[in-house]
Amino acid sequence: MNKVLGLDLGTVTLGIAKSDSLGFVHGVETFRFDKNQYIVARKHVYDLCKSLEINEIALGLPLRLNQSESEMSMIVRRFKDDLEKEHPELKITLVDERLSSVSAHNALSMNGVNHQTRMQKVDMYAACIILETYIGMKGNK
């Protein structure tokens, strides 16, 4: 199985997870950047892909519960388009991420992680959930 990067993009953070060649998902980090400085986040993603020898990305697409798109959905789509233009060798798939952050908060809370640590790690865990969803989708094809 190809290694894949999972991403949960926010306005100042980027949760990052990766899968190994067996398909197991591991949290990498929560990358922080200045508000709306997506070019910095894209460079970080590309540098990670290069160093980890990954060319496939699962990028969370935030949808409302009624499946409509939000302003953040448009930002994510632009992030994807810009990253693909800059690095056409990357294969980027959008993954419905509804409730991934809620699931991440709940999982961390159930495991006794305190509020401060939970806030620092929730984006990375949300990226893990996005990546697991993507791997599951690929396995069902």
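Keep in mind it's a predicted model, so treat the numbers as computed, not measured. (Residues numbered from 1 in each chain as written. Predicted model: local features only at pLDDT ≥ 70, side-chain atom pairs only at ≥ 80, totals over all residues. Heavy atoms only, no water.)

S.K.: What should I look at first to understand the pattern of salt bridges in this one?
M.R.: For side chains bearing opposite charge, pairing can occur when the charged atoms are close. According to the stated counting rule, one finds 8 salt bridges in the structure shown. Put simply, Asp-82 and Arg-42 hold a salt bridge, and the shortest N to O gap is 3.6 Å. With Asp-82 in helix H2 (residues 71-86) and Arg-42 in helix H1 (residues 38-52), this pair connects stretches of sequence that are 40 residues apart. Assigned by exposure class, Asp-82 and Arg-42 land together as buried. A salt bridge links Lys-138 to Glu-56; its shortest N-O distance comes to 3.0 Å. Here the residue Lys-138 occupies a position in helix H4 (residues 115-139), and Glu-56 occupies one in strand E4 (residues 56-61), the gap between them amounting to 82 residues. Accessibility expressed as a relative area gives 28% for Lys-138, which makes it partly exposed. By relative accessible area, Glu-56 is classed as buried at 3%. (Salt bridge = Lys/Arg side-chain N within 4 Å of Asp/Glu carboxyl O. Helix = DSSP H or I, 4+ residues; strand = E, 2+ residues; numbered from the N terminus. Buried < 20%, exposed > 50% of the residue type's maximum accessible area, 1.4 Å probe, protein only.)

S.K.: Where do I start with the sheet that holds strand E2 (residues 13-19) in this structure?
M.R.: In sheet architecture, strand pairing relies on hydrogen bonds along the backbone and comes in two forms, parallel and antiparallel. The 5 strands lie next to each other as E3-E2-E1-E4-E5, forming an open sheet whose pairing is mixed. The open sheet is flanked by strand E3 (25-32) and strand E5 (91-96), the only strands paired with a single partner. Strand-to-strand, the axes of this sheet are offset by a mean angle of 25 degrees, without reference to chain direction. The strands touched by H2 within the sheet are strand E1 (5-9), E4 and E5, with E4 carrying the most contacts at an inclination of about 165 degrees. (Pairing = 2+ DSSP bridges. Axes fitted to C-alpha atoms, helices over the stretch in contact; angles between N-to-C directions. Contact = heavy atoms within 4.5 Å.)

S.K.: Teacher, can you tell me more about H2 here?
M.R.: Each full turn of the α-helix corresponds to 3.6 residues, which orients residues three or four apart in the same direction. Compared with the 22 Å implied by 1.5 Å per residue over 16 residues, the 23 Å span of H2 between its first and last C-alpha is a close match. Every buried residue belonging to H2 is among Met-72, Ser-73, Val-76, Phe-79, Lys-80, Asp-82 and Leu-83, and all of these are buried. Next to the buried residues of H2 lie E1, H1, E4 and E5. The residue sitting at the N-terminus of H2 and contributing the capping side-chain oxygen is Ser-70; that oxygen lies 3.3 Å from the backbone nitrogen of Met-72. (Expected span 1.5 Å × (residues − 1). Polar contact = N/O pair within 3.5 Å; in protein donor to acceptor, adjacent residues only side chain to side chain.)

S.K.: Before we go on, may I ask you to explain the packing of aromatic side chains in this structure?
M.R.: Each aromatic ring pair is characterised by the separation of its centres together with the angle its planes make. Enumeration over the complete set of coordinates arrives at 3 aromatic pairs. Centre to centre, the rings of Phe-31 and Phe-33 are 6.3 Å apart; their planes meet at 25 degrees, and the pair counts as stacked. Grouping aromatic residues by their ring pairs yields a cluster made of Phe-31, Phe-33, Tyr-38 and Phe-79. (Phe/Tyr/Trp six-rings, centres within 6.5 Å; stacked < 30°, edge-to-face > 60°.)

S.K.: Even after reading the chapter, I still don't get the pairing of E4, so can you show me in this structure?
M.R.: In summary, the side chains of a regular strand alternate between the two faces of the sheet. In terms of burial, E4 is a largely internal element, 6 of the 6 residues being buried. Of the two faces of E4, the one lined by Glu-56, Ala-58 and Gly-60 and the one lined by Ile-57, Leu-59 and Leu-61 are each fully buried. In the sheet, E1 pairs with E4 via 3 bridges, with the strands oriented parallel. Across the sheet, Leu-5 pairs through a bridge with Ile-57, a residue of E4. In this structure, E4 lies alongside E5, joined through 6 bridges in parallel fashion. What sits directly across from Gly-60, in E5, is Val-95. In this view, the connection linking E4 to its parallel neighbour E5 by way of H2 has right-handed handedness. (Right-handed = clockwise from strand over helix to strand, strands pointing away.)

So yeah, pure geometry; function would need other evidence.
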